[in-house]
Amino acid sequence: MKKILAFAGSTSSTSINKQLATFAAENLKNTYFDVIDLRDFSMPVYSSDEEQNGFPENAIKFNALLNNYDGFILSLAEHNGSYTAAFKNIFDWSSRLEVNVFREKALLLMATSPGAMGGRFVLAAAEQRFPRQGAKTITTFSLPSFYDNFKEGKIVNDDLLSTLKTKVVEFENNVNQ
Ligand SMILES: Cc1cc2nc3c(=O)[nH]c(=O)nc-3n(C[C@H](O)[C@H](O)[C@H](O)COP(=O)(O)O)c2cc1C
């Protein structure tokens, strides 16, 4: 069976992006999935000096984890129009271990925020950058106004729900084992 890793680009204990990534994964039909939390992978802020001291154990652990899956569902939180510091940090460390961070595997790339733009700026940045680091981005999805459109673990707006479900099917069909 195909295996997907779902996670959010956030270390908030109440991450709305983790909720969205989890919901998307729950809509997979014939694919096993795990959801991880970047809070379990804390590590120092990257610098070349830190790297000379050796790679943090959690960077090695996270990087190794990416080998174990056939694709990724990632929902990015947006801070000031870009990645959260926590996501950028783990991404930077990972890229030092393996520049091909996403291993040429399928990616469902998403973002959500409480605002009407739904994290579109971070989504655009990632959509542009991630293919250069091994992402086969199958499709993207932005969920605007999270607290209006997502309640009790699911998307409650019919149009947005239908769009996400279509995108999850498209993603799942393009995951190679
Ligand atoms: C420092 C900071 C900057 C933020 N910048 C943005 C932003 O540029 N665009 C946006 O839509 N929301 C922004 N927000 C609101 C986040 O989208 C909101 O906190 C959201 O819950 C983050 O996702 P998460 O819950 O998955 O961590 C910002 C929040 C913080 C704390």
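For the structure, see preceding data.
Residues numbered from 1 in each chain as written. Predicted model: local features only at pLDDT ≥ 70, side-chain atom pairs only at ≥ 80, totals over all residues. Heavy atoms only, no water.

Draft legend 1. Representation of the sheet that holds strand β1 (residues 2–9) within the structure. Within the open sheet, the 5 strands sit side by side as β2-β1-β3-β4-β5. Their pairing is parallel. Both edges of this open sheet fall to β2 (31–35) and β5 (135–143), since each of them pairs with a single strand only. Between one strand axis and the next, the sheet turns by 20° as a mean value, whatever way the strands run. Here 5 bridges tie β1 to β2, and the two strands are oriented parallel to one another. (Pairing = 2+ DSSP bridges. Helix = DSSP H or I, 4+ residues; strand = E, 2+ residues; numbered from the N terminus. Axes fitted to C-alpha atoms, helices over the stretch in contact; angles between N-to-C directions.)

Draft legend 2. Local environment of unusual backbone geometry. Phi angles above zero are rare outside glycine, and Arg103 is one such case at about 55°. You can see Arg103 is positioned in the loop between α4 (85–97) and β4 (105–112).

Draft legend 3. Quick look at helix α7 (residues 158–173). Between the first and last C-alpha of α7 there are 23 Å, a value that for 16 residues agrees with the 22 Å anticipated at 1.5 Å per step. The complete set of buried residues in α7 reads Leu160, Leu161, Leu164, Val168, Phe171 and Glu172. Taken around the axis of α7, the buried residues stretch over an arc of 100°, which confines them to a single face. Residues of α7 that are exposed and angled more than 90 degrees away from the buried face: Asp158, Asp159, Thr166 and Asn173. Where α7 begins, the capping side chain belongs to Asn157, and its oxygen is found 3.0 Å from the backbone nitrogen of Asp159. (Expected span 1.5 Å × (residues − 1). Buried < 20%, exposed > 50% of the residue type's maximum accessible area, 1.4 Å probe, protein only. Arc of directions from axis to C-beta. Polar contact = N/O pair within 3.5 Å; in protein donor to acceptor, adjacent residues only side chain to side chain.)

Draft legend 4. Looking closely at the pattern of salt bridges. Across all of its chains, the model carries 3 salt bridges by this definition. The partner of Asp37 in a salt bridge is Lys18, and the shortest N-O contact between them spans 3.0 Å. One end of the pair, Asp37, is in the loop between β2 and α2 (48–52); the other, Lys18, is in helix α1 (residues 16–26), and 19 residues separate them in sequence. Owing to a relative accessible area of 13%, Asp37 belongs among the buried residues under this scheme. Residues Arg96 and Glu51 are paired through a salt bridge, measuring 2.7 Å at the closest nitrogen-oxygen approach. Placement of the pair is Arg96 in helix α4 and Glu51 in helix α2, with a sequence separation of 45 residues. On the basis of relative accessibility, which here comes to 17%, the residue Glu51 falls in the buried class. (Salt bridge = Lys/Arg side-chain N within 4 Å of Asp/Glu carboxyl O.)

Draft legend 5. Layout of the site of the ligand. Taken together, Ser10, Ser12, Ser15, Ile16, Asn17, Ala77, Glu78, His79, Asn80, Gly81, Ser113 and Pro114 are the residues near the ligand. Here Ile16 contributes a backbone N or O atom positioned 2.9 Å from an oxygen atom of the ligand. Within the complex, the protein chains bury 65% of what would otherwise be the 610 Å² of accessible surface of the ligand. Taken together, the residues of the shell around the ligand break down into 3 nonpolar, 8 polar and 1 charged. (Near = heavy atom within 4 Å. Areas by Shrake-Rupley, 256 points an atom, 1.4 Å probe, with all protein chains shown as cover. Nonpolar A, V, L, I, M, F, W, Y, C, P; charged D, E, K, R; others polar.)

Draft legend 6. Spotlight on α4. Its 13 residues place the ends of α4 19 Å apart at the C-alpha level, agreeing with the 18 Å of an ideal helix rising 1.5 Å per residue. Turning to α4, its buried residues are Phe87, Asn89, Ile90, Phe91, Trp93, Ser94 and Ser95. Each element contacted by the buried residues of α4 is listed here: β1, α2, α3 (57–67) and β3 (71–76). (Contact = heavy atoms within 4.5 Å.)

Draft legend 7. Focus on the environment of Phe7. Following the sequence through the fold, Phe7 ends up in strand β1. In sequence terms Phe7 and Gly54 are 47 residues apart; their C-alpha atoms lie 25 Å from each other. Once residues lying within four places of it in the same chain are set aside, the contact partners of Phe7 are Ala21, Ile36, Leu38, Phe62, Ile73, Leu74, Ser75 and Phe87.

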